[in-house]
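Chain by chain, the residues run as shown.
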Amino acid sequence: MEKYSVIGKSVPKIDSRAKVTGQAKYTGDLKFPNMLIGKILTSPHAHARILNIDTSEAEKLPGVKAVITHKDVPSLKYGISPARWDENIFCIDKVRFVGDKVAAVAALDEETVYKALKLIKVEYEVLPAVFDPIEALAEGAPQIHDEYRRNINTEIHQNFGNVEEAFAKAHLVRTDKFIGQRTYQCPIEPHSAISMWEGGKLTVYCSTQSPHYFQHYIAREFGLPMGDVRVIKTYVGGGFGGKLEPTGLEFAGAVLARITGRPVKMFYDRHDMFAHNRGRHRQIMEITTGVDKDGKILGMHANFIMDGGAYTSLGIASAYYAGAMLTLTYDFENYKFDMIRAYTNLPACGAQRGHGAPQPRYAFECHLDNVATQLGIDPLELRLRNARQPNTVTPNEFKVNSCEMTACLEKAREISDWEKKKGQLPKGKGIGVAVGSFVSGAGYPIYRTDLPHSAAIIKVHPDGSAATLYVGATDIGQGSDTVLCQMAAEAMGYTYENMKIISADTETTPHDFGAYASRQTLMSGAAVKQAGEDVKNQLLEMAGVMMDKNPGNLDCREGVIFSKLEPEKTLPFTAVAREYFVKNGPLVGRGSYTPPKLGGTFKGAPVGTSPAYSFAAQISEVQVDEETGEINVNHVWDVHDCGMVINPALLHAQVHGALYMGMGESIWEEVQFDAKGKILNPNMSDYRMPTALDMPVITSALVESCEPAGPWGVKEVGEGATIPTMGCYANAIYDAMGVRVNSLPLSYEKVWRALKEKREKEKGGGKKKK
Amino acid sequence: MQGVKDKNGVMRYVISLIVNGDYLTVTVKGNTLLVDLLRQQLNLTGTKRGCKLGNCGSCTVLLDGKAVSSCLVLAVEADGREITTIEGVAQSEKLDKLQESFIDNAAIQCGYCTSGMILSAKALLTKNPHPTETEVRTAIAGNLCRCTGYVNIVKAILAAAEA
């Protein structure tokens, strides 16, 4: 008999029928009687004082039901990160980027809303603006927030071990500088929210990654008890970090709904999404590493500057993550991390898949390739020599349990045929490797609280023919509803096909922090496992009475209760569940999960802590056209250590998506601005995402691994797979070109220019020799 | 096409069309987009709106069998024509082989692009029942997906073509 009956199997997604038939309702698909449509008016200037707002013309337009500005909403500052609450629902004194929120309208239909927005007259005094983080940090630069001098949003200085001493001992000390660009999550579904009141109770349907944080911040902003705010997640069309924090649509919609006494649906157009942003930060990254003659890393110094944009968003955490996660993959003792996150007059940046870590990882992996080249060591071999081992502690005090970094590298080398290819590919072709690691859930929540991180309730239906799992965990497409139902069925001894789920509704489902930091399989999964075992224990007690057996000798699997001593003695789950209901009332299981206390005591120590870390190695093979600079990725391999796998099909699908996103970020994607801070490409054609025609052959493979801190040994995969990606493509492109472009994206133009420069240099060099 | 002026002087046109086999007569403005007629007036919200610029393909429907972005089609242009939306792909309870194949091949994540993907694939398979992988990729090149890297979508379409 197989060890598990439900987990470890590629069952179809629980929501797949709803999604292939068009039945699945996303927030924008919902309609309520008497519902109005609303939109937010945003600033056309990057930095300007608001002198006057005249809404009278807009209010007169037939069909307009309400127009609101900062005067109509709470002035309490908010932000997802309690470290810096620096946003207002609407700007009060000044606007800080093109797209800052100024006013909002609710009207009978969309056309009227757009007309009304044009009729709102805002008088601005335009102020000098700054768009570059280094310029923003200079004395005399325009001051964006009065409270933050020199536009320093946050400053980090961490020092572990003794980097200077390590460098002094090193055979080679090398410094490289890289720039990572601004990218945007660009989920295909635009953000929307529908707000409605029943007396003093507010209900918000929305496209969110975390109903809990929305509920928390909406309640705080309006001074409501949490119990009077109900946040319901509908189907969500992708998030990737961009739908984690309040968007302004919920706040504005709630006020418009209050004033009009009608439900109000607010939405972003595609260009509004780009302006609201919260995507990946632009980072300037200088890395210095000291190695011995064999390439063993003795110490590393990361010195970074981040363009945060106009507000904090999740940026404090992003800034810490940028440095914290660099210590995971390689074993070294001395580490120094310096970072400044600067305010600029651009849209605020936040957490995009991999949160702060993919770009520093790109820089580190490219830098290590340079080190390997300089030492004449194979880059994969260099990584193997430094690979972290299980049951170790990083210099910044992260405890790593399971870790198959070495096995990932070895398997990637084997399946990609690395040894036959490295250094032996024809001109224009290249192969590159990079590794990564990521948290399986953050050790601490975004705001300070002692609430459990996840909770679950399972209710068995009276006749036992179904069981409903209630979880706050948030399925945004990654498949948490499916894997959590598999886990529930496994723990109960039940079948996946009979599971139902209600998730992410703050009124009906128990608390959970939501979909971020790759936390749900481990954390929500742990709560679900406990709830399932609770059901099973109660059921076996009942069965013991019915079968006249000791419950300790009974077990349940795939809906059949059996005696472990006499396996032919069985009872169906349904019969026992029904008897339980008749005798005791509802059969309910409960579970919750709180991570152990993790991490050190230094400033910023909680960021990057996790009960478990995933590890991955990626290799890509590319072809560069010397004439045009055009890059074709031919094949990419991912080998993952993600612990026990609950649903292999969904797991590999996460890897596919990560390699796709990473490919876009490596070669094409970049949010660009004009000289006045206006986005040049706020749409899905000029912001160039890969299409089906761009994709290489993808191989996603696994290594055996079991994580003691996760239920059944699970770890994360969703974000971890994006961590090595940009580094792996960049290193392959470097291998193909023989010259390095030190900034992302590795656009055709940059590649073409670098190759031209290289040719000219070689020609020049040749002449000298003559 | 018949038109009436409303009290603000805006023309409204009466159009007749077949949607998923149903003969319908509706009134639209000259600037009403097909996507908004389907979603807002006919409540066929399986057709998604992702960009309103013809970039993403999530609003793809079949117009006389051809895959089109319904945000680039005026409702009045659909007068007298036949439209299939995702709601019309299954035969009552029986799913289309493409829908089955998307489920079996784990080709769905968030699902927001799924309706458009299936309709683009449907148009392809109707015209070309045994496409090559490149033909499949070309047929869905106008449908953006941010979740899957297209890997399982391409696999699902090829498997449906084999079935």
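In what follows, the structure referred to is the one given above.
So, here's what we can say about the structure. Bear in mind that the values here come from a model prediction, so they are computed numbers and not experimental data.

**Section: helix 6 (residues 211-222) of chain A**
Since one α-helical turn is 3.6 residues long, residues separated by three or four positions face the same way. Residues and elements named next belong to chain A. Across its 12 residues, helix 6 extends 16 Å between first and last C-alpha, which sits within 8% of the 16 Å expected from 1.5 Å per residue. Among the residues making up helix 6, those that are buried are Pro211, His212, Tyr213, Phe214, Gln215, His216, Tyr217, Ile218, Ala219, Glu221 and Phe222. Residues of helix 6 that are buried make contact with strand 10 (201-206), strand 11 (229-233) and helix 7 (249-260). Where helix 6 terminates, the next one or two residues include Gly223, which has phi positive at roughly 65°.

**Thoughts on the pairing of strand 12 (residues 264-267) of chain A**
Residue and element names in this part refer to chain A. A two-sided burial pattern is seen for strand 12, the buried positions comprising Val264 and Met266 on one face and Lys265 and Phe267 on the other. Inspection of the sheet shows strand 9 (residues 192-198) paired to strand 12 by four bridges, in the antiparallel sense. In the strand pairing of strand 12, Ile194 is matched with Lys265.

**Re the environment of Asn370 of chain A**
All names here are of chain A. Mapped onto the elements, Asn370 comes out in helix 10 (residues 358-375). For the pair Asn370 and Asp176, spaced 194 residues apart in sequence, the C-alpha separation works out to 8.5 Å. Residues within four places of Asn370 in sequence aside, it is in contact with Arg174, Asp176, Phe178, Tyr734 and Arg740.

**Thoughts on the interface of chain A and chain B**
The partner chain B presents 45 residues to the 52 residues of chain A that form the contact. Here chain A and chain B share an interface that buries about 4000 Å² over both sides, 55% of which is from carbon and sulfur atoms. Of all residues in chain A, the largest losses of buried area upon contact with chain B belong to Val20, Ile188 and Ala692 of chain A, amounting jointly to 17% of the total for that side. Put simply, chain A and chain B have eight salt bridges between them. A salt bridge links Glu669 of chain A to Arg146 of chain B; the nearest nitrogen and oxygen atoms lie 2.8 Å apart. Scanning the region where chain A abuts chain B turns up 28 residue pairs in polar contact (both at pLDDT 80 or more). Elements represented by at least two residues in the side of chain A that touches chain B include exactly helix 1 (16-20), helix 3 (110-119) and helix 17 (648-667) of chain A. The biggest single contributor to the side of chain A that touches chain B is helix 17 of chain A, with seven residues.

**So, the sheet that holds strand 26 (residues 613-624) of chain A**
Residues and elements named next belong to chain A. The strand order across the open sheet formed by four strands is 18-26-27-28, and the pairing between neighbours is mixed. Since the sheet does not close on itself, it has two edges, and those belong to strand 18 (429-439) and strand 28 (697-702), each with one partner. This sheet shows a mean twist of 15° between the axes of neighbouring strands, independent of strand direction. Strand direction decides the pairing type here: strand 26 and strand 27 (residues 631-641), joined by 10 bridges, are antiparallel. Bridged to Gln623 within strand 27 is Asn632. Running over the sheet, helix 18 (residues 725-737) touches strand 18, strand 26 and strand 27 and is turned about 160° from strand 18.

What counts, and at which threshold
Residues numbered from 1 in each chain as written. Chains lettered and ligands numbered in written order. Predicted model: local features only at pLDDT ≥ 70, side-chain atom pairs only at ≥ 80, totals over all residues. Heavy atoms only, no water. Helix = DSSP H or I, 4+ residues; strand = E, 2+ residues; numbered from the N terminus. Expected span 1.5 Å × (residues − 1). Buried < 20%, exposed > 50% of the residue type's maximum accessible area, 1.4 Å probe, protein only. Contact = heavy atoms within 4.5 Å. Pairing = 2+ DSSP bridges. Buried area = accessible area lost by both parts, 1.4 Å probe. Salt bridge = Lys/Arg side-chain N within 4 Å of Asp/Glu carboxyl O. Polar contact = N/O pair within 3.5 Å; in protein donor to acceptor, adjacent residues only side chain to side chain. Axes fitted to C-alpha atoms, helices over the stretch in contact; angles between N-to-C directions.

Fair warning: the whole summary comes from geometry, so function is off the table for now.
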